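# Results of the structural survey
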Amino acid sequence: MGVWDLLLVGMVILLGLCGVLVPGVPGSWLVWAAVMWWALKDPRPEAWVLLCAATVALFLSQVVRWALPPRRLRESGATRRMGVYAGAGAFLGFLLLPVIGAIPGFMGGIYLEERLRLGRHAEARAALRTAMRSGGSSVLAELFTCLLIAGAWLGLVIWG
């Protein structure tokens, strides 16, 4: 697979990661489709192992999302800016503290946005709890799974 193909796959994965945070965009499907396209073009068995693992992980992520409360983020006062802060926090947390750092990064991003908006620690903490109960946990589950898949793909491309 050429460099341009790999860049295109990476861009679709990045678009899928952003799409997880936007309601109505099938972000996890975009991540899966990019990995599938890469696996079809790459003859190595590791590509097919990653595709199978991504399929299982996304299936389990959907099961977890269905078990969690439905998304009602807009009704709870969540804004697009909150989604940007949460996504950036999850991405930075994933890079700084590999894999597990996405969870505190996501919550830290929401807290930071609410602290800047509301100005007080107690109010920002209450807003964080409300956001996580209103569907933030299901967004986090889907984003975490997609970050795992993106990290595994990047690792295979660089070191595989």
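Keep in mind that what you see is a predicted model, and the values were worked out from it rather than measured.

### Here's the deal with helix H1 (residues 3-21)
Helix length check: H1 (19 residues) gives 28 Å between terminal C-alpha atoms against 27 Å at 1.5 Å per residue, within 8%. If you check which residues of H1 are buried, you get Val-9, Ile-13, Gly-16, Leu-17, Gly-19 and Val-20. Down the axis of H1, the buried side of the element spans an arc of 160°, and every buried residue falls inside it. Of the residues in H1, the exposed ones pointing more than 90 degrees away from the buried face are Val-3, Trp-4, Met-11 and Leu-15. Next to the buried residues of H1 lie helix H2 (27-41) and helix H6 (121-159).

### Let's talk about the UniProt feature "transmembrane region" (unreviewed entry) in the protein
UniProt's feature table lists "transmembrane region" (unreviewed entry) at residues 6-35, 47-68, 88-112 and 139-159, given in the numbering used throughout. Structurally, residues 6-35 is divided into 83% helix and 0% strand, and its ends, taken at the C-alpha atoms, are 10 Å apart. In residues 139-159, helix accounts for 100% and strand for 0%; the two terminal C-alpha atoms are 30 Å from one another.

### Some thoughts on a nonpolar patch on the surface
A contiguous nonpolar surface patch, about 900 Å² in accessible area, is contributed by Phe-91, Leu-92, Leu-95, Leu-96, Leu-97, Val-99, Ile-100, Ile-103, Met-107 and Leu-148. Those elements that provide at least two residues to the nonpolar patch are helix H4 (80-96) and helix H5 (102-118). Top element by residues in the nonpolar patch is H4. It accounts for four residues.

### Some remarks on the side chain of Ser-134
The residue Ser-134 is located in helix H6 in this model. Polar side-chain contacts of Ser-134 include one of 2.7 Å to the backbone oxygen of Thr-130.

### With respect to the environment of Val-9
Structurally, Val-9 can be placed in helix H1. Overall, the relative accessible area of 0% leaves Val-9 in the buried class. A sequence separation of 28 residues divides Val-9 from Trp-37, and the C-alpha atoms of the two residues are 7.7 Å apart. In this view, Val-9 contacts Met-1, Ala-34, Trp-37, Trp-38 and Trp-153; residues no more than four positions away in its chain are not counted.

Conventions adopted
- Residues numbered from 1 in each chain as written.
- Predicted model: local features only at pLDDT ≥ 70, side-chain atom pairs only at ≥ 80, totals over all residues.
- Heavy atoms only, no water.
- Helix = DSSP H or I, 4+ residues; strand = E, 2+ residues; numbered from the N terminus.
- Expected span 1.5 Å × (residues − 1).
- Buried < 20%, exposed > 50% of the residue type's maximum accessible area, 1.4 Å probe, protein only.
- Arc of directions from axis to C-beta.
- Contact = heavy atoms within 4.5 Å.
- UniProt positions renumbered as here; feature names shortened; annotations may be inferred.
- Patch = residues over 30% accessible without salt bridge, like charges linked within 9 Å, V, L, I, M, F, W, Y side chains within 5 Å.
- Areas by Shrake-Rupley, 256 points an atom, 1.4 Å probe, with all protein chains shown as cover.
- Salt bridge = Lys/Arg side-chain N within 4 Å of Asp/Glu carboxyl O.
- Polar contact = N/O pair within 3.5 Å; in protein donor to acceptor, adjacent residues only side chain to side chain.

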